[in-house]
Amino acid sequence: MLELIAAFVERYYMLLLEGIRDTLIMTVVSFLFAYVLGLPLGVLLVISKPHGIRPNRVCSTVVGWIVNIGRAIPFIILMISIMPLTKAIMGTKLGVRGAVFPLIVSAAPFVARMVETSLSEIDGGVIEAAQAMGATTWQIIRKVYLPEAFPSLVLGSSVSFVTIFAYTTMAGAVGAGGLGDIAIRYGYNRYEADVLWVTVVLLILLVEAAQTIFNYLSRRMDKRIRK
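Each chain carries its own residue numbering, running from 1 in the written order of its sequence. In view of the model being predicted, local features appear only for residues whose pLDDT reaches at least 70, and side-chain atom pairs are presented and counted only at 80 or more, with totals across whole chains, interfaces and linings using the full set of residues. Hydrogen atoms and water are omitted, and side-chain values are computed over all heavy atoms in the structure.

Examining a nonpolar patch on the surface
Item 1. Together, Leu-2, Ile-5, Val-9, Tyr-13, Met-14 and Leu-17 give the surface a local cluster of nonpolar side chains, amounting to about 610 Å² of exposed area.
Item 2. If you trace the backbone, Ile-5 turns up in helix H1 (residues 2-47).
Item 3. With relative accessibility at 43%, the residue Ile-5 sits in the partly exposed group. Two distance rules govern patches: like charges are joined within 9 Å, and nonpolar side chains (Val, Leu, Ile, Met, Phe, Trp, Tyr) within 5 Å, applied only to residues with over 30% relative accessible area and no salt bridge. Computed with the Shrake-Rupley method and a 1.4 Å probe, the accessible areas treat only the protein chains shown as cover for residues. Salt bridges are identified by distance alone: a Lys or Arg side-chain nitrogen within 4 Å of an Asp or Glu carboxyl oxygen. Segments assigned H or I by DSSP are reported as helices when at least four residues long, segments assigned E as strands when at least two residues long, and all are numbered from the N terminus. Think of it in three bands: residues with accessible area under 20% of the maximum for their type are buried, residues over 50% are exposed, and the middle band is partly exposed, with areas taken using a 1.4 Å probe on protein chains only.

Things to note about the packing of helix H5 (residues 95-120) against helix H7 (residues 137-171)
Item 1. Each axis is a line fitted through C-alpha atoms, taken for helices only over the stretch in contact, and angles between the N-to-C directions span 0 to 180 degrees. In contact at an axis separation of 9 Å, H5 and H7 are set at 150° when each is read in the N-to-C sense. Comparing their axes, H7 and H5 come out roughly antiparallel. Here H5 and H7 pass one another in a crossing that is right-handed. An angle counts as roughly parallel when it lies under 35 degrees, as roughly antiparallel when it exceeds 145, as roughly perpendicular when it falls between 65 and 115, and as oblique in every other case. In this scheme the handedness of a crossing depends on how the near helix is turned from the far one: anticlockwise by less than a right angle means left-handed, clockwise means right-handed.

Some words on the packing of aromatic side chains
Item 1. Think of it this way: a Phe, Tyr or Trp ring, Trp meaning its six-membered ring, pairs with another when their centres are within 6.5 Å, and the plane angle makes it stacked under 30 degrees, edge-to-face over 60, tilted otherwise. Applying the stated criterion across every chain yields a total of six aromatic pairs.
Item 2. With centroids separated by 5.0 Å and ring planes inclined at 55°, the aromatic side chains of Phe-31 and Tyr-35 adopt a geometry described as tilted. In this pair, Phe-31 and Tyr-35 both sit in helix H1, four residues apart, roughly one turn of the helix. Side by side, Phe-31 and Tyr-35 carry an identical accessibility label, which is buried.
Item 3. Here Phe-75 and Tyr-167 contribute two aromatic rings whose centre-to-centre distance is 4.8 Å and whose plane-to-plane angle is 5°, an arrangement assigned as stacked. With Phe-75 in helix H3 (residues 75-81) and Tyr-167 in helix H7, the pair connects residues that are 92 residues apart, well separated along the chain.

Re the nonpolar core
Item 1. Take the buried residues of types Ala, Val, Leu, Ile, Met, Phe, Trp, Tyr and Cys, join any two whose side-chain atoms come within 4.5 Å, and each joined set is a nonpolar core. Met-79, Ala-99, Leu-103, Leu-119, Ile-127, Ile-140 and Tyr-145 are the most contacted members of the largest nonpolar core, which totals 36 residues.
Item 2. Sorting the residues of this core by element identifies H1, H3, H5, helix H6 (124-132), H7 and helix H9 (193-226) as the ones contributing at least two each.
Item 3. The biggest single contributor to this core is H7, with eleven residues.
Item 4. Two residues qualify as a contact provided that any one of their heavy atoms is within 4.5 Å of a heavy atom in the partner residue. Other than its neighbours up to four places away in sequence, Ile-127 contacts Ile-53, Ile-122, Ile-140, Val-144 and Tyr-145.
Item 5. Among the nonpolar cores identified, the runner-up in size contains twelve residues, and Phe-165, Ile-182, Val-195 and Leu-202 belong to it.

Set out below in structure tokens:
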């Protein structure tokens, strides 16, 4: 048994390390850029509602439709359909670089809804008090909305992170690299069940680690706000 494990490690050690590295690169980069796009969209959804601090029916409807359409398209279909655009922007439609752009496009609408949900949980009385003191829209967003919702935003970001992480495994089906690609190329196509199950275990461990980190950060933020 030990000999089989040693032989497996010797054969696939570097391959799996590269898979973990590529998966984390795709996930982290896409996560950060998805929040760069999704956070403003989520804020815009909240403040432009009929009872928001800057109601705007047209803006709310248009942004809502964009977000809904983006969330409705399955990732694998989106990735394939925008391959020409991906190649034009990223220079390639394969590998890690080719996966990042569709991951961002797919995740940003999801992030926007997560942000909207977190901001909508804030007590309306806090917003009204800020308005009564003459705070501007930007001041309310920066000093009330985001600080008050920060623990919820951090906890919600764990869901976004894990979702993007899952998307990277789907991207492996079209040659994006990472653990998903290894599971498909070796575990499925070559019928190497040991590789398939090891990649599954690694994916579970990475998800658990990410969730633990985000839970810890959320608890820390809660304590700071209570102080």
